[in-house]
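# Survey of secondary and tertiary structure
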Amino acid sequence: EEPLPANTRQKKQKDETGLWSSPGPDLLRNDSSITLWHSSDAIKEFPVPRVQTLAVMRTDLAHESARNQVLTEMFLDLTGDYLMEALYLSSVAGYSFSMGSSDSGFTCAVQGYSQNIQDFLSNALSIVAAPPLSPTRFASIKEETLRGYENFYQAQPYEQASHYASLAINPAGFSIPELKQAVSSMSLQDVEAFVPELLRSEWSLESLVHGNLKREQAEDLTRLFREKLQGGGENATNSTPLQQKQQLDLGKGSSYIVPIGLTNPEELNSAAVVKLQLGTRSELSVKDLSIASLLGSMIQEPAFDDLRTKQQLGYIVSAGMGITRNAFSLSVLVQGAQHSAEYYDSQIEAFLLNFGEQIASMPDKELDSFKASLESALLRKDLTLMDRGVRYWDPIGKQLYNFSWNIDRVKALRTVTRNDLVKFYKERVLDPTTRRRLCVRMESQEEAKREVSLVNPPVKGEIVKNLNAFRSQLQEFSA
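Residues numbered from 1 in each chain as written. Predicted model: local features only at pLDDT ≥ 70, side-chain atom pairs only at ≥ 80, totals over all residues. Heavy atoms only, no water.

### A short note on unusual backbone geometry
One non-glycine residue, Arg325, lies in the positive phi region at around 50°. Examined against the element boundaries, Arg325 turns out to sit in the loop between β10 (316-324) and β11 (327-336). In this structure, Gln399 takes a positive phi of about 60° despite not being glycine. Tracing the chain through its elements places Gln399 in the loop between α13 (385-397) and α14 (405-413). Taking the relative accessible area as the measure of exposure, Gln399 reaches 2% and is therefore buried. (Helix = DSSP H or I, 4+ residues; strand = E, 2+ residues; numbered from the N terminus. Buried < 20%, exposed > 50% of the residue type's maximum accessible area, 1.4 Å probe, protein only.)

Below, the structure written as structure tokens:
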């Protein structure tokens, strides 16, 4: 976890690599009430009188139970519905306000012209603080939500496998049956009682204000969140910033297999999703992180070409790199109706071994091309004020505060050699004694009727029969 930077005013500088450092926004305020980031550097690049504000209210209450999670989401859905109608004329005039759920609480996003943005936000937050919740819409959203949970078991096998793979390493996730039960027993009165409890609870506020707005105006704008949602003054309940929950660590040298039978008797497809945890931003060096990003860009096409085009294992094949709760993971999935989930798992493992050989023998020109393509993507200029906001908000939302994240990776990428790439891939992806591997196998009821013989050695691993018991045995990655 990176601490908040001590300096509040940052300058853009050019170093020996020829790359400009990315200073990021200024830290205007950091206390028990508000953490406020501000930037007006976009005025020169985007000379329009507009401003964007992003804020996160972090509170454990929103997700401490399945019941609280569905109550929070229902509050956000019902309030969002009403706001669309109430703020329609403002939206026509170029203003927008939206709310969303996050792993740590809930978020707000505001955009509009700087001249009237404070009045617009004040009006929107007044509605959020005491939303008129429609019984008709509540019944409709509840019915839609329950139908979605019931239809989950009719979803594509790879979608179900991806859900279970994410749930297995999520310290705060809830199963579909838990969420369904919470929604089934929820009433409109429950939501009405929960809203003031949520808004008056202890939550930390972190906000980014950027665009055509002065520092003093940015502070006034951010104070509105506490004044309107909590009443301000003595009624406001502050909290020290909550630390983001980390992903569950599978442990070095691990290999887990989660076999799950598909309940839909008409589903002919089986699927396997393999997830390999590569490490967290705090665990990996910047060079390692640049290698992980490079691998993600390199593996997509070869995986599709081998598993889909050549072997024709199924119509759905994908591979790539992802980052969740600050942990990097390499994922490969295959879905098809000709073989078993175990077969797909073994073929994925064989592909990973073969891809390691491809990296070792890849021509220098091809490797340099991948590096150049990634560098170009990381150095892409912000085209709009919203692009700038997304780039600034990513490290704030993840509580990393490294605004030169892309530049740092580019500098490290330029030093990456083939040997670095091969060593990282072997240790993090291939070596059974050091990698972290999880495979979820969604098994069709038709599998038992198929005569399937593995053409590659079966993947060895510990069978997981109970996901909740499995999760309780794992520890979170260190922050």
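### Some thoughts on helix α10 (residues 286-310)
Look at α10: 36 Å from first C-alpha to last across 25 residues, which is about the 36 Å you get at 1.5 Å a residue. Along α10, the largest kink reaches about 35° and is centred on Ile299; proline Pro302 follows within four residues of it. Once α10 finishes, Gln312 follows within two positions and takes phi at roughly 50°, a positive value. (Expected span 1.5 Å × (residues − 1). Bend = angle between axes of the 7 residues up to and from the residue.)

### Overview of helix α7 (residues 176-184)
Among the residues making up α7, those that are buried are Ile176, Leu179, Ala182 and Val183. Projected onto a plane normal to the axis of α7, the buried residues spread over an arc of 130° and lie on a single side. Its buried side turned inward, α7 meets α2 (66-86), α5 (135-151) and α6 (157-168). (Arc of directions from axis to C-beta. Contact = heavy atoms within 4.5 Å.)

### Section: the sheet that holds strand β5 (residues 105-113)
Strand order in the open sheet formed by six strands is β1-β2-β6-β3-β5-β4, and the pairing between neighbours is mixed. With one partner strand each, in any of the chains shown, β1 (26-30) and β4 (96-102) form the two edges of the open sheet. Put simply, the sheet's adjacent strands are angled 15° from each other on average, direction ignored. Pairing analysis gives seven bridges linking β4 to β5, with the strands arranged antiparallel. Within β5, the position partnered with Gly100 by the bridge is Thr107. (Pairing = 2+ DSSP bridges. Axes fitted to C-alpha atoms, helices over the stretch in contact; angles between N-to-C directions.)

### Quick word on the packing of aromatic side chains
Here the structure, examined in full by the defined rule, presents twelve aromatic pairs. Centroid distance Phe106 to Trp203: 6.5 Å. Interplanar angle 70°. Geometry classified as edge-to-face. Separated by 97 residues along the polypeptide, Phe106 in strand β5 and Trp203 in the loop between α8 (188-199) and β6 (204-211) bring together distant segments of the chain. The two residues Phe106 and Trp203 agree in class, both being buried. (Phe/Tyr/Trp six-rings, centres within 6.5 Å; stacked < 30°, edge-to-face > 60°.)

### Topic: the nonpolar core
Counting 79 residues, the largest nonpolar core has Phe75, Phe97, Met99 and Val191 as the members making the most contacts within it. Tallying contributions element by element places α2 first for this core, with eight residues. For Val191, the contacting residues outside a window of four places in its chain are Leu71, Met74, Phe75, Leu78, Leu133, Phe138 and Met186. Core analysis: the second largest hydrophobic core is formed by 42 residues, Ile299, Ala319, Phe351 and Leu378 among them. (Core = buried A, V, L, I, M, F, W, Y, C linked by side-chain atoms within 4.5 Å.)

### A look at the sheet that holds strand β9 (residues 270-280)
One open sheet accounts for six strands, arranged β10-β11-β9-β12-β8-β13; its pairing is mixed. A strand with exactly one partner marks an edge of an open sheet, and here the two such strands are β10 and β13 (462-463). Strand contacts of helix α11 (residues 341-361): β9, β11 and β12 (436-443), with the helix running at about 40° to β9, the strand carrying the most contacts.

### Regarding the pattern of salt bridges
All chains considered together, the criterion is met by 27 salt bridges. Arg436 is the salt-bridge partner of Asp249, the closest N and O atoms lying 2.7 Å from each other. With a gap of 187 residues between them, Asp249 in strand β7 (residues 248-249) and Arg436 in strand β12 connect regions that are remote in the sequence. A single burial state applies to Asp249 and to Arg436, both of which are buried. Two residues, Arg391 and Asp382, come together in a salt bridge whose shortest N-O distance is 2.8 Å. On the accessibility criterion, Arg391 (28% relative accessible area) is partly exposed. (Salt bridge = Lys/Arg side-chain N within 4 Å of Asp/Glu carboxyl O.)

### Re the packing of α2 against α7
Close contact between α2 and α7 brings their axes to 8 Å; oriented N to C, the two are set at 60°. The handedness of the crossing between α2 and α7 comes out as right-handed. The residues of α7 that touch α2, namely those facing Ala66, Arg67, Gln69 and Val70, are Glu178, Leu179, Ala182 and Val183. (Left-handed = near helix turned anticlockwise from the far one by under 90°.)

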